[in-house]
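# A closer look at the structure
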Amino acid sequence: MQHEGYEGNGAAEPIDGPGSSERLLILTLERYGVWLRSSVVCLCGALGVVLADVAEIPLAMSLQVPAVLACGVRLYALRHPRMFPAALLWTLDAAVVVLTGLFQPVLGGEGADVMVED
């Protein structure tokens, strides 16, 4: 009696796509990754605005508000996965990283504007 998935030499045939466990792992990492990144961006952004000088607050908020909105859209996309195209979600992820990175030199602080020298 020969089992399904075997060619007769005892080796299993390769699977073309990811199995159910791989899909579940990818979905879990995506879900908790988005939540973790969103909570870190919101918490650090709020603390940065609180600790900023009065003159830096408008510029800091102009960078932080779009990042928080992008996090909100990304969290909304977790509940409605077919509503937004993948290109938009990747763009939102990149926007969060860029805006959060630009937020640091605006606030100043130690090592915020370090440059690499040869």
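Rules behind the numbers
Residues numbered from 1 in each chain as written. Predicted model: local features only at pLDDT ≥ 70, side-chain atom pairs only at ≥ 80, totals over all residues. Heavy atoms only, no water. Core = buried A, V, L, I, M, F, W, Y, C linked by side-chain atoms within 4.5 Å. Buried < 20%, exposed > 50% of the residue type's maximum accessible area, 1.4 Å probe, protein only. Helix = DSSP H or I, 4+ residues; strand = E, 2+ residues; numbered from the N terminus. Contact = heavy atoms within 4.5 Å. pLDDT = per-residue confidence, 0-100. Salt bridge = Lys/Arg side-chain N within 4 Å of Asp/Glu carboxyl O. Axes fitted to C-alpha atoms, helices over the stretch in contact; angles between N-to-C directions. Parallel < 35°, antiparallel > 145°, perpendicular 65-115°, else oblique. Left-handed = near helix turned anticlockwise from the far one by under 90°. Nonpolar A, V, L, I, M, F, W, Y, C, P; charged D, E, K, R; others polar. Expected span 1.5 Å × (residues − 1). Phe/Tyr/Trp six-rings, centres within 6.5 Å; stacked < 30°, edge-to-face > 60°. Lys NZ or Arg CZ within 6 Å of the ring centre and 35° of its normal.

Counting residues in each nonpolar core, the largest one holds 16 residues, and the members touching the most others are Val41, Ala60, Leu63, Val96, Phe103 and Leu107. Among the elements of the structure, α1 (20-51), α2 (57-79) and α3 (86-107) are those that each provide at least two residues to this core. Among the elements that line this core, the one with the most residues is α3, at seven residues. Every residue in contact with Ala60, bar those within four places of it in the chain, is listed here: Phe103, Val106 and Leu107.

Right, let's talk about the confidence of the model for the protein for a bit. Averaged over every residue, the pLDDT of the protein is 80; the share at 70 or more is 76%. Mean pLDDT across the elements of the protein bottoms out in α3 (86) and peaks in α2 (91).

Next up on the list: the side chain of Ser38. With respect to the helices and strands, Ser38 occurs in helix α1. Overall, Ser38 belongs to the buried group, its relative accessible area being 3%. Residues in contact with Ser38, not counting those within four places in the same chain, are Cys71 and Leu75.

It is worth spelling out the pattern of salt bridges at this point. Applying the stated criterion to the full structure yields three salt bridges. Note that Arg74 is salt-bridged to Glu30, the shortest N-O span being 3.7 Å. Of this pair, Arg74 sits in helix α2 while Glu30 is found in helix α1, placing the two residues 44 residues apart along the sequence. Overall, the relative accessible area of 8% leaves Arg74 in the buried class. The network of salt bridges with common partners includes Glu30, Arg37, Arg74 and Asp93.

We now examine the packing of α2 against α3. Running from amino to carboxyl end, α2 crosses α3 at an angle of 155 degrees, the nearest separation of the two axes being 9 Å. The orientation of α2 relative to α3 falls into the category roughly antiparallel. Both α2 and α3 take part in a crossing whose hand is left-handed. Contact residues: Leu59, Ala60, Leu63, Gln64, Pro66, Ala67, Ala70, Cys71, Val73, Arg74 and Ala77 in α2; Leu89, Leu92, Asp93, Val96, Leu99, Thr100, Leu102, Phe103, Val106 and Leu107 in α3. Split by residue class, the contact of α2 with α3 holds 17 nonpolar, two polar and two charged.

In this model, α1 (32 residues) spans 46 Å end to end at C-alpha, consistent with the 46 Å of a helix rising 1.5 Å per residue. Within α1, the full set of buried residues consists of Val34, Ser38, Val41, Gly45, Gly48 and Val49. Contacts from the buried residues of α1 go to α2 and α3.

The next thing to look at is the packing of aromatic side chains. Counted according to the given criterion, the structure contains one aromatic pair. Taking the centre distance of 6.2 Å and the plane angle of 75 degrees together, the rings of Tyr76 and Phe84 count as edge-to-face. On the basis of relative accessibility, which here comes to 40%, the residue Tyr76 falls in the partly exposed class. A cation over a ring is seen here: Arg31 above Tyr32, with NZ or CZ 5.7 Å from the ring centre.

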